[in-house]
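Structure at a glance
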Amino acid sequence: MESSSTASQRGSRREATRQKLYEAAVTLIAEQGFSATTVDEIAERAGVAKGTVYYNFASKSVLFEELLRHGVGLLTASLRQAAEQTAREGRDRVDALDAMIRAGLVFIDRYPAFTQLYVAELWRTNRAWQSTLLVVRQEAVAVVEGVLRAGVASGEFSDEIDVPLTAAALVGMVLVAALDWKAFQPERSLDDVHAALSRLLQGRVSGRG
């Protein structure tokens, strides 16, 4: 019977392999598109046998769907951690939103190829993974919604705020601004971009400006 330590090691190895496949797939698909990218190329870029891809994922489409789920999951966790950290420090909800903006920028700075793919896929409606993409997108937006609702309940924000739309707008602002930064203004620092978005947040959402 397999020991728990052996099972844990096997699970860790498989997770490491899946991570290599995610990184290979996101790089290739960002370079040449989903349709033009083959499983052979993904396996070669990841440094594994082609059979390893199919051992971990039933198809290229399943691999990409899981890549989206994995990537947006990392973003959601980053946003949640930022909000929870500000709460532990006793700071207000505007500070929480500001911390989430920075967390989003840090994520995009670390994973620009994934972010580019994610935003592109949001505009497509004929993909097999569209329903999964909508679910994971809502999970990320829901973290921001939670902070906004708490702010409305505490009186920090106006009760006239359209919470779902405002949350989606904040997430969209970070995504689009960050992609513009990486593509057209790469000389600017992360701190500089965060400061610009922070001023927008402070003046428009919180009314502090």
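Everything that follows concerns the structure shown earlier in this document.
Read on for a plain summary of the structure. Fair warning: this is a prediction, and the values are worked out from it, not measured in the lab. (Residues numbered from 1 in each chain as written. Predicted model: local features only at pLDDT ≥ 70, side-chain atom pairs only at ≥ 80, totals over all residues. Heavy atoms only, no water.)

**Considering the overall build of the chain**
The criterion, for reference: Helix and strand labels come from DSSP, where a helix needs a run of H or I of at least four residues and a strand needs a run of E of at least two; each type is numbered from the N terminus. Using a 1.4 Å probe on the protein chains alone, a residue whose accessible area is under 20% of its type maximum counts as buried, one over 50% counts as exposed, and one in between counts as partly exposed. Where accessible areas are quoted, they stem from the Shrake-Rupley method and a 1.4 Å probe; at the residue level, only the protein chains shown are allowed to cover. As used throughout, the charge tally considers Lys and Arg to be positive and Asp and Glu to be negative, leaving His and the chain termini uncounted. Charged side chains are reduced to one point each, which is NZ for Lys, CZ for Arg, CG for Asp and CD for Glu.
Within the chain, the regular secondary structure consists of nine helices and zero strands. Secondary structure elements in the chain, listed N-terminal to C-terminal, are α-α-α-α-α-α-α-α-α. For the chain, the spread of C-alpha atoms along the three principal axes comes to 55 × 45 × 35 Å. Looking at the 209 residues of the chain, the share that counts as buried comes to 40%. Of the roughly 11200 Å² of accessible surface on the chain, 52% is carried by carbon and sulfur atoms. Distance between charge centres in the chain, computed from 24 positive and 26 negative side chains, equals 4 Å.

**Structural notes on the packing of helix H5 (residues 93–110) against helix H6 (residues 112–122)**
So the rule is basically this: Only C-alpha atoms enter the line fits that serve as axes; for helices the fit covers just the stretch in contact. Angles between N-to-C directions range over 0 to 180 degrees. In this scheme, roughly parallel covers angles under 35 degrees and roughly antiparallel covers those over 145, while 65 to 115 is roughly perpendicular and the rest are oblique. A contact between two residues is defined here by any heavy atoms of the two lying within 4.5 Å. Note that Gly is not counted as nonpolar here; it falls among the polar residues with everything else outside the nonpolar set of Ala, Val, Leu, Ile, Met, Phe, Trp, Tyr, Cys and Pro and the charged set of Asp, Glu, Lys and Arg.
It is the contact of H5 with H6, at a shortest axis distance of 5 Å, that shows an interaxial angle of 105°. With respect to their mutual orientation, H5 and H6 come out roughly perpendicular. Between H5 and H6, the contacting residues are Phe107, Ile108, Asp109 and Arg110 on the first element and Pro112, Phe114 and Thr115 on the second. A breakdown of the residues in the contact of H5 with H6 according to their chemical character gives four nonpolar, one polar and two charged.

**Description of the nonpolar core**
Applied cut-off: Among the buried residues, those of types Ala, Val, Leu, Ile, Met, Phe, Trp, Tyr and Cys that are joined through side-chain atoms within 4.5 Å form a nonpolar core.
If you look at the biggest cluster of nonpolar residues, it comprises 60 residues, and the most contacted ones within it are Leu97 and Met100. Looking at this core, the elements with two or more residues in it are helix H1 (4–32), helix H2 (39–46), helix H4 (60–88), H5, H6, helix H7 (130–154), helix H8 (163–184) and helix H9 (190–205).

**Considering empty space enclosed by the protein**
Stated formally: Any residue with an atom within 4 Å of a point lines the site, the site being either a cavity, points on a 1 Å grid over the protein atoms alone where a 1.4 Å probe fits but cannot get out, or a pocket, an open set with protein on both sides within 12 Å along at least 5 of 7 lines. Grid points are joined across faces, edges and corners, and a volume is the space filled by probe spheres set on the points.
In the structure shown here, the tally under the stated rule is one cavity of 30 Å³ or more. As a volume, the largest cavity reaches approximately 150 Å³. Sorting the residues of the lining of the largest cavity by element identifies H4, H5 and H8 as the ones contributing at least two each. Among the elements that take part in the lining of the largest cavity, H5 stands out by supplying six residues, more than any other. By residue class, the composition of the lining of the largest cavity is 12 nonpolar, one polar and no charged.

**Considerations on the side chain of His194**
You can see His194 is positioned in helix H9. When sequence neighbours within four positions are dropped, the list of residues in contact with His194 reads Asp98, Ile101, Arg102 and Leu105.

**Points about the packing of aromatic side chains**
Quick reminder of the rule: Two aromatic rings from Phe, Tyr or Trp, using only the six-membered ring of Trp, form a pair when their centres are within 6.5 Å; if the ring planes differ by under 30 degrees the pair is stacked, by over 60 it is edge-to-face, and anything between is tilted. The criterion for a charge sitting over a ring is simple: Lys NZ or Arg CZ within 6 Å of the ring centre, and within 35 degrees of the ring normal.
On inspection of all chains with the given rule, the structure shows five aromatic pairs. Relative to Phe57, the ring of Tyr22 has its centre 5.8 Å away and its plane inclined at 50°; by these criteria the two rings are tilted. Pair noted here: Tyr22 is in helix H1 and Phe57 is in the loop between helix H3 (50–56) and H4, with a separation of 35 residues, a long-range link. Note on Phe57: relative accessible area 2%, which makes it buried. Members of the aromatic cluster, each reached through a chain of ring pairs, are Phe107, Tyr111, Phe114 and Tyr118. When the ring centre of Phe34 is taken as reference, the NZ or CZ atom of Lys60 above it lies at 4.3 Å. Positioned above the aromatic ring of Trp181 is the side chain of Lys182, whose terminal nitrogen or guanidinium carbon lies 4.7 Å from the ring centre.

**A look at the pattern of salt bridges**
The test is simple: A carboxyl oxygen of Asp or Glu within 4 Å of a side-chain nitrogen of Lys or Arg is what we treat as a salt bridge.
For the structure shown, the criterion picks out 10 salt bridges. As a salt-bridge pair, Glu65 and Arg69 come within 3.8 Å of each other at their nearest N and O atoms. Here Arg69 and Glu65 lie together in helix H4, a separation of four residues that amounts to about one turn. In this structure Arg69 comes out as partly exposed when scored by relative accessible area, which is 36%. For Glu66, the salt bridge goes to Arg69, with nearest N and O atoms at 3.6 Å. Residue Glu66 and its partner Arg69 are located together in helix H4, separated by three residues, close to a single helical turn. Overlapping salt bridges bring together Glu65, Glu66 and Arg69 as one network.

This is a description of form; function is not addressed.
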